[in-house]
Amino acid sequence: MKGQRSKLRSSLIAARFMPLPIVAIIGRPNVGKSTIVNRLANCQDAIVHDEPGITRDRTYRPAYWGEHEYQVVDTGGLVFDDETEFLPMIREQAMAALAEASAAIFVVDGKVGLTGGDEAIASWLRLQRVPVVLAVNKCESENTGLTQAADFWQLGLGEPFPVSGIHGNGTGELLDQLVTHLPTEVLPEVEETKVAIIGRPNVGKSSLLNAFLGENRAIVSPISGTTRDAIDTIVQRGDNTYRLIDTAGIRKKKNVEYGAEFFGINRAFKAIRRADVVLLVIDAIDGVTDQDQKLADRISQEGRACIIVINKWDAVEDKESDTIYEYEKEARSRLYFLDWAEMIFVSAVTGQRVEKTIELVDKASSEHKRRVATAVINEVIEEATSWHSAPVTRQGKQGKIYYGTQVRSEPPTIALFVNDPKRFTENYRRYMESQFRKHLGFTGTPMRLLWRGKKVRESEQSSTNRALRVK
Ligand code: GDP
Ligand code: GDP
């Protein structure tokens, strides 16, 4: 059971990352493959695919260069039995990685020089239909690096790029070459907004679903969900298609007896993961509970768009002109994880503001997907840093933001390339985030900032200037 769950989990994560092209890192042991992977990958969020028959799990890590996003997969060392034959299991591992890769980086050791092992890998690689970029690692010195690298022309894999995984030099040129082999992003043709309706039992999830369907008589079909944890309903409204993920329906349909305490939080978590937009339904009479806070936290962590739906507003008695305002203030203080989400007061029973809720779904969904031009992002950075310059450490070192670019959407993610992330305090990071919010909007969706330390060397200075000049 547990194994099944973790398999589902990893395949769901994989599905989310699947559209990103894969770059396989190939080479003998000890040439510096892991060092290079660590340099290319954004952070520690490795995704491990567990597949039977493969000795070592392959580890996929998200990475990007300029506008290109990809995943790097380290294949483990390619070893030879007697300098002529691959160890079958490890070869299988590398083959599997290569089979799904858009490109490979073949790493060799510039200090050791060309070896028979490299030649064997190269002839094997030439038989694969994958473009290869050749990295001659451990070339710390710019001058001797080129000489060290020159030897590897013999491999017949094109230009050898001298790099140092440890110091980072040369990786810019290597990546410029690499990304020419990566496919550009392709968006799916049929856009379907996946909306999860979640909340505690009896808050009115099923009633809301029915109210939505009532507003939109052109129901396509109720279909059984892709998992046994929810029932999906496809709804067409104008030009938009929605997949409503209903976690409550299953409980009713199967007529299973659950205790009053039964909450089904795992089911809710799974629905959140599948959704683009989450409707977090709260019972107006009960107010925000601890369980609602757990769900809110998860929505934000998963990076999903969200609308806070306060249902049963009809049942709140003696409403006065400022009741909504007071209620919202109180609810928001308990849902601070979702300070970017819109809150709406509805009644599934009377239909009050149900139509408006659908409009909010459309708005949140498009903000979740929105991409902002690099020039605009850099204008915000310039404006923000001129009002409030980056902090100076006790040692007198000042943080500097070279430039920023949106590297991802769903949720919008902006990478800031800085001299040293450690120089940016939590306070300053929050300030930058609030500035992006203020100027870019993104209402209804979480957004992320990645602070990337990046030594800008002379060779890369030109591309940084290029990026800044886009303005
Ligand atoms: P892998 O087995 O191919 O993944 O290699 P590792 O990344 O584990 O590195 C093997 C050894 O080479 C380690 O001792 C690293 O410190 C060293 N190494 C990796 N990259 C460089 C580099 O750019 N320059 C130098 N001088 N040593 C490196
Ligand atoms: P679920 O368990 O979250 O799917 O909740 P249901 O949709 O089954 O609703 C639970 C109870 O709350 C039912 O008795 C509904 O009639 C009632 N209810 C749902 N929405 C509203 C509403 O907007 N106003 C009022 N007064 N009652 C509601």
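So, how was this worked out
Residues numbered from 1 in each chain as written. Chains lettered and ligands numbered in written order. Predicted model: local features only at pLDDT ≥ 70, side-chain atom pairs only at ≥ 80, totals over all residues. Heavy atoms only, no water. Near = heavy atom within 4 Å. Polar contact = N/O pair within 3.5 Å; in protein donor to acceptor, adjacent residues only side chain to side chain. Helix = DSSP H or I, 4+ residues; strand = E, 2+ residues; numbered from the N terminus. Pairing = 2+ DSSP bridges. Right-handed = clockwise from strand over helix to strand, strands pointing away. Areas by Shrake-Rupley, 256 points an atom, 1.4 Å probe, with all protein chains shown as cover. Nonpolar A, V, L, I, M, F, W, Y, C, P; charged D, E, K, R; others polar. Salt bridge = Lys/Arg side-chain N within 4 Å of Asp/Glu carboxyl O. Buried < 20%, exposed > 50% of the residue type's maximum accessible area, 1.4 Å probe, protein only. pLDDT = per-residue confidence, 0-100. Contact = heavy atoms within 4.5 Å. Axes fitted to C-alpha atoms, helices over the stretch in contact; angles between N-to-C directions. Parallel < 35°, antiparallel > 145°, perpendicular 65-115°, else oblique. Left-handed = near helix turned anticlockwise from the far one by under 90°.

1. Some words on the site of ligand 1
- For ligand 1, the set of nearby residues contains 15 residues, the closest of which are N30, K33, S34, T35 and E140.
- At 2.4 Å, a side-chain N or O of S34 approaches an oxygen atom of ligand 1.
- One nitrogen or oxygen atom from the main chain of G165 is found 2.9 Å from an oxygen atom belonging to ligand 1.
- Ranked by the residues each element gives to the shell around ligand 1, the list is headed by helix α2 (residues 33-40), at three residues.

2. Here's the deal with the pairing of strand β14 (residues 342-345)
- Pairing of strand β13 (residues 305-311) with β14, which is carried by four bridges, proceeds in the parallel orientation. Bridging across to β14, I310 finds its partner in F345.
- This β-α-β element, β13 to helix α11 (residues 323-334) to β14, shows right-handed connectivity.

3. Let's talk about the site of ligand 2
- Not every one of the 18 residues close to ligand 2 is listed here, only the nearest: N202, K205, S206, S207 and D314.
- Note that an oxygen atom of ligand 2 is positioned 3.0 Å from one of the backbone N or O atoms of G204.
- Between an oxygen atom of ligand 2 and a main-chain N or O atom of A348, the distance comes to 2.9 Å.
- With the chains in place, 74% of the 570 Å² that ligand 2 exposes on its own is no longer accessible.
- Secondary structure elements with two or more residues in the shell around ligand 2: α7 (205-215) and α8 (247-254).
- Its residues placed into classes, the shell around ligand 2 shows six nonpolar, six polar and six charged.

4. Let's talk about the pattern of salt bridges
- In the structure shown here, the tally under the stated rule is 19 salt bridges.
- K194 is the partner of D276 in a salt bridge, and the nearest nitrogen-oxygen pair spans 3.9 Å. Placement of the pair is D276 in the loop between α9 (265-274) and β12 (277-283) and K194 in strand β8 (residues 192-198), with a sequence separation of 82 residues.
- For K194, a relative accessible area of 26% gives the class partly exposed.
- R370 is the salt-bridge partner of E367, the closest N and O atoms lying 3.0 Å from each other.
- What makes E367 buried here is its relative accessible area of 15%.
- Each of E69, R371 and R408 takes part in salt bridges that share partners, so that together they form one network.

5. Considerations on the confidence of the model for the chain
- Averaged over every residue, the pLDDT of the chain is 80; residues scoring 70 or more account for 76%.
- Note on residues 44-57: pLDDT under 50 across the span, and 36 contacts to partners over four residues away in sequence or across chains.
- This model gives residues 81-86 a pLDDT under 50, and the stretch forms twelve contacts once residues within four places in sequence are excluded.

6. Concerning the packing of α9 against helix α10 (residues 290-302)
- At a closest axis distance of 10 Å, the pairing of α9 and α10 adopts a crossing angle of 30°. The angle between α9 and α10 places the two elements in the roughly parallel class. Taken as a pair, α9 and α10 cross one another with a handedness that is right-handed. Contact with α9, carried on its side by I265, A268, F269, I272 and R273, involves K294, L295, R298, I299 and E302 of α10 and no other residues of that element.
- Grouping the constituent residues of the contact of α9 with α10 by class yields six nonpolar, no polar and four charged.

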